[in-house]
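Here are the chains, one letter per residue:
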Amino acid sequence: MPQQKYSVWSLFKHGLNHHKTWEPAWTRASLQSEYDVVIVGGGGHGLATAYYLAKNHKVGRIAVLEKGHLGSGNTCRNTTIVRSNYLWDEAALLYEHGMKLWEGLTEDLNFNVLFSQRGVFNLGHTLQDMRDIERRVAANHLQGIDAHVLNAAEVKERIPQLDVSRSRRLPVLGASWQPRAGIAHHDAVARGFARAASRLGVELIENCEVTGFDIEGGRVKGLQTSQGYVKTSRVGCVAAGHSSVLAAKAGVRLPLESHPLQAFVSESMQRVIDTVIMSNAVHGYLSQSDKGELVIGAGIDSYLGYGQRGSPHIIEHTAAAIIELFPQFSRVRMNRQWGGIVDVSPDACPIISKTPVEGLYFNCGWGTGGFKATPGSGHVFAHTIAHDDPHPLAAPFSLDRFASGHLIDEHGAAAVAH
């Protein structure tokens, strides 16, 4: 069959008019007076929770309330890294559960989330770093999680651009490597879950801020919102850096601190990095996006706050950290910077839990590890809400662990934002 030819004018005309026949990716619903379950927070975790509630648990009418637009919080303000090589069994199993969901997520949602398993390297610069790496890799092997210990020569072979010379201020002695880890596209993840949830009947309501809780006899009865009152008996809150503020409206105190977290990207360039490189010692990490930008980040700002703008000294420190590893990047120009708000718990692990208020559940405290957990978080939180009982993988992350002392200390695995 001969190939159809288009003139320049016909292509231009087609580009202007063809979108008029497209169906919306999801239905923009109006707030109704009553729902069986309301999810507060329309980021990746909230949308994933709603999707799995509708798909796996058939709980009735579900609404997602988002005070801005869907995915406008930390979902669009992160550095997209996905991995599961955490130290403690509880955390490693939860993140590995998420990893397995990531590996089939594009097919499950029928939406390409651009999940690229390009591997993640955690560099070691001291003998203690290498001992910690060996311990974590051994722990991962016991849980069936892929992980390898590499020496400096093996790291150099896989990342030729990395400076591993012993003359550096912090020479690279080796690294841990998780081949199945990688990156995904944050916007695609939010849109994929939103579309899939909407097609299952979930009502997605934007510009709807929760301003208060209606609680009677220790049980949630409804919500006050900027668009009116909503009656419901089950509320799942997934508000990331604003979780403690939201919980206070219900009289619940959460052991969280909110900190700004910054990152920035460079101009686009030819592909030079095909993996993710992280270093706690220099306090920076790096990957390259599909558009060719270097995506660079570091740890959280030390001060408490809710600002989404950058601090020059953090940017300067992070740039110096990356140049320590890749001196050639000193000539690269930076394009833009952003900040997100992360909620950090005392043990650097999430809270996935019922609360003292019956019918009120919180999923928060992910700190710098939220994006990688998106499908796993939503999956186990949906189970917790549907059954009023924690999913087995979520049970160790209950709110009462801060009273019992059964903490899961992952500060070593989360010392740098990733």
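Scroll up a little and you will see the structure.
Residues numbered from 1 in each chain as written. Predicted model: local features only at pLDDT ≥ 70, side-chain atom pairs only at ≥ 80, totals over all residues. Heavy atoms only, no water.

Caption draft 1: A look at the overall build of the protein chain. Looking only at helices and strands, the protein chain has eleven helices and 19 strands in total. Relative to the globule expectation of 22 Å for 418 residues, the C-alpha radius of gyration of the protein chain, 22 Å, shows essentially globular dimensions. Over its C-alpha atoms, taken along the principal directions, the protein chain stretches across nearly 70 × 65 × 40 Å. Of all 418 residues assigned to the protein chain, the portion counted as buried reaches 55%. A separation threshold of at least 6 residues defines the contact pool for the protein chain, and within that pool the share at least 24 residues apart is 76%. Treating the 39 positive side-chain charges of the protein chain as one cloud and the 39 negative ones as another, the clouds have centres 6 Å apart. (Helix = DSSP H or I, 4+ residues; strand = E, 2+ residues; numbered from the N terminus. Rg over C-alpha atoms; globule rule 2.2 N^0.38 Å. Buried < 20%, exposed > 50% of the residue type's maximum accessible area, 1.4 Å probe, protein only. Contact = heavy atoms within 4.5 Å. Lys, Arg positive; Asp, Glu negative; His and termini not counted. Charge placed at Lys NZ, Arg CZ, Asp CG, Glu CD.)

Caption draft 2: How the structure looks around the side chain of R180. Residue position: R180 is located in the loop between β6 (174–178) and β7 (182–183). Separated by 3.0 Å, the side chains of R180 and E96 make a polar contact. A polar contact is formed between the side chain of R180 and the side chain of E103, at a distance of 2.9 Å. (Polar contact = N/O pair within 3.5 Å; in protein donor to acceptor, adjacent residues only side chain to side chain.)

Caption draft 3: Looking closely at the sheet that holds strand β14 (residues 276–279). Pairing is mixed in the open sheet, where eight strands are placed in the order β5-β6-β4-β14-β15-β16-β13-β17. Two strands lie at the open edges of the sheet, namely β5 (148–151) and β17 (334–344), each paired on one side alone. In this sheet, neighbouring strand axes are inclined to one another by 20 degrees on average, regardless of whether the strands run parallel or antiparallel. Note: strand β4 (residues 120–124) against β6, five bridges, orientation antiparallel. By the bridge assignment for β6, F121 is matched with W177. Relative to strand β13 (residues 257–268), helix α9 (residues 312–325) is tilted by about 55 degrees, and along the sheet it contacts β4, β13, β14, β15 (284–288), β16 (293–300) and β17. (Pairing = 2+ DSSP bridges. Axes fitted to C-alpha atoms, helices over the stretch in contact; angles between N-to-C directions.)

Caption draft 4: Focus on the pattern of salt bridges. Inspection of every chain in the model, using the stated rule, returns 16 salt bridges. A salt bridge links R180 to E96; the shortest N-O distance between them is 3.0 Å. Taken together, the residues R180 in the loop between β6 and β7 and E96 in helix α3 (residues 89–103) connect sequence positions 84 residues apart. Both residues of the pair, R180 and E96, belong to the buried class. Two residues, E293 and R336, come together in a salt bridge whose shortest N-O distance is 3.1 Å. Of the two residues, E293 is situated in strand β16 and R336 in strand β17; the sequence distance between them amounts to 43 residues. (Salt bridge = Lys/Arg side-chain N within 4 Å of Asp/Glu carboxyl O.)

Caption draft 5: Inspection of the packing of helix α2 (residues 44–57) against helix α7 (residues 186–199) at higher detail. The geometry of α2 relative to α7 is characterised by a closest axis approach of 9 Å and an angle of 30 degrees between their N-to-C directions. Our classification of the angle between α2 and α7 gives roughly parallel. Crossing angle aside, the handedness with which α2 passes α7 is left-handed. Mapping the contact onto sequence places L47, A48, Y51 and Y52 in α2 and A190, F193, A194, A196 and A197 in α7. Here the residues of the contact of α2 with α7 are counted per class, giving nine nonpolar, no polar and no charged. (Parallel < 35°, antiparallel > 145°, perpendicular 65-115°, else oblique. Left-handed = near helix turned anticlockwise from the far one by under 90°. Nonpolar A, V, L, I, M, F, W, Y, C, P; charged D, E, K, R; others polar.)

Caption draft 6: Inspection of the nonpolar core at higher detail. Grouped together as the largest cluster of nonpolar side chains are 57 residues, with contacts concentrated most on W102 and F193. The element that contributes the greatest number of residues to this core is α2, accounting for seven residues. When sequence neighbours within four positions are dropped, the list of residues in contact with W102 reads V82, V113, F115, A184, V189, F371, K372, T374 and P375. (Core = buried A, V, L, I, M, F, W, Y, C linked by side-chain atoms within 4.5 Å.)

Caption draft 7: Local environment of the sheet that holds strand β1 (residues 37–40). With respect to topology, six strands assemble into an open sheet ordered β8-β2-β1-β12-β19-β18, the strand pairing being mixed. One side of each edge strand has no neighbouring strand; the edge strands of this open sheet are β8 (203–205) and β18 (351–354). The sheet shows a mean angle of 15 degrees between the axes of neighbouring strands, taken without regard to direction.

Caption draft 8: Spotlight on the packing of α3 against helix α10 (residues 374–387). Running from N to C, α3 and α10 cross one another at 110 degrees; their axes reach a closest spacing of 7 Å. With respect to their mutual orientation, α3 and α10 come out roughly perpendicular. Two secondary-structure elements touch here, α3 through L94, H97, G98, L101 and W102 and α10 through T374, P375, G376, H379 and V380. Of the residues assigned to the contact of α3 with α10, the class counts are five nonpolar, five polar and no charged.

Caption draft 9: Looking closely at helix α5 (residues 127–142). In this model α5 runs 23 Å from its N-terminal to its C-terminal C-alpha over 16 residues, within 8% of the 22 Å that 1.5 Å per residue would give. The secondary structure elements touched by the buried residues of α5 are α3, β4, β5 and β6. A positive backbone phi angle near 75 degrees is found at G144, which sits one or two residues after α5. (Expected span 1.5 Å × (residues − 1).)

Caption draft 10: Just the pairing of strand β19 (residues 360–364), in detail. Counting buried residues in β19 gives five out of five residues, a clear majority hidden from the surface. Of the pairings in the sheet, the one linking strand β12 (residues 235–237) to β19 comprises three bridges and is parallel in character. Bridging from a neighbouring strand, V235 pairs with L360 of β19. Pairing of β18 with β19, which is carried by four bridges, proceeds in the antiparallel orientation. Counterpart to I352 in the pairing with β19 is N363. Linking two consecutive strands that pair antiparallel, namely β18 and β19, is a turn of five residues; a positive phi of about 85 degrees is found at G359 within it.

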